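Coordinates in review
Listed here are the chains, written in short residue letters.
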Amino acid sequence: MSSLALLEQMSNYSTEMVDAARANDWDRLTRLEKQVASLRDRIGVEEALAFPSRPRRMSEDERARKIALIRRILDDDKEVRVHTEPWMDSVRQLLSGGTRERQVRDAYGTDTDN
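Predicted model, so just to flag it, every value in this text is computed and none were measured. (Residues numbered from 1 in each chain as written. Predicted model: local features only at pLDDT ≥ 70, side-chain atom pairs only at ≥ 80, totals over all residues. Heavy atoms only, no water.)

1. A few points about the nonpolar core
What counts, and what does not: Side-chain atoms within 4.5 Å link the members of a nonpolar core, which is a set of buried Ala, Val, Leu, Ile, Met, Phe, Trp, Tyr and Cys residues. Accessible area is worked out with a 1.4 Å probe on protein chains only. A residue is then buried under 20% of its type maximum, exposed over 50%, and partly exposed in between. Counting from the N terminus, the helices are DSSP H or I runs at least four residues long and the strands are E runs at least two residues long.
Leu 7, Met 10, Met 17, Leu 29 and Val 80 are the most contacted members of the largest nonpolar core, which totals 17 residues. Contributions of two or more residues to this core are made by α1 (3–22), α2 (26–50) and α3 (60–108). Sort the elements by how many residues they give to this core and α1 lands first, with nine residues.

2. Points about α1
Applied cut-off: To estimate how far a helix should reach, multiply one less than its number of residues by 1.5 Å.
A rise of 1.5 Å per residue sets the reference length of α1, with its 20 residues, at 28 Å; its end C-alpha atoms lie 28 Å apart and thus fit the reference within 8%. Buried residues of α1: Ser 3, Leu 4, Leu 6, Leu 7, Met 10, Ser 11, Tyr 13, Ser 14, Met 17, Val 18, Ala 20 and Ala 21, and no others. Remark: Asn 24 follows α1 within two positions and exhibits a positive phi of approximately 55°.

3. Side note on the environment of Lys 66
Along the polypeptide, Lys 66 turns up in helix α3. C-alpha of Lys 66 to C-alpha of Ala 5: the two residues are 61 residues apart in sequence and 9.5 Å apart in space.

4. Looking at the layout of surface pockets
Any space left empty among the atoms is revealed by the rolling of a water-sized probe across them. Note the threshold: Using a 1 Å grid laid over the protein atoms alone, points where a 1.4 Å probe fits but cannot get out form a cavity; open sets with protein on both sides within 12 Å along at least 5 of 7 lines form a pocket; any residue with an atom within 4 Å of a point counts as lining. Grid points are joined across faces, edges and corners, and a volume is the space filled by probe spheres set on the points. Here the term charged refers only to Asp, Glu, Lys and Arg, the term nonpolar to Ala, Val, Leu, Ile, Met, Phe, Trp, Tyr, Cys and Pro, and the term polar to all other amino acids, Gly among them.
Estimates place the volume of the largest pocket at around 490 Å³. Along the wall of the largest pocket there are 23 residues; nearest its centre are Met 17, Glu 33, Asp 77, Val 80 and Arg 81. Mapped onto the lining of the largest pocket, the elements with two or more residues apiece are α1, α2 and α3. Residue classes in the lining of the largest pocket are distributed as 13 nonpolar, three polar and seven charged.

Below is the structure:
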């Protein structure tokens, strides 16, 4: 599979990731994220295997398509972050709140006699 075909598939998955993030479907988002990572890892391998001594020169149309796909993937990533970062901040606050509570209990003890 060519790097352009891999980027096409990554772009399709990244669009699905936006839909999953908007729907707060974190399981689906995680699955798609893993699929994108797998394709990303394959791009370098595929190019190295296909052109071990020298990369193939792309046509202007292929180059323009590759640039457009990369930009779309980056735009999708930005949109996903709009939805995931507030959720991640909430999780961090929740987890750090529990840590503070345990630290206070450990420092001052708990009153279990009442």
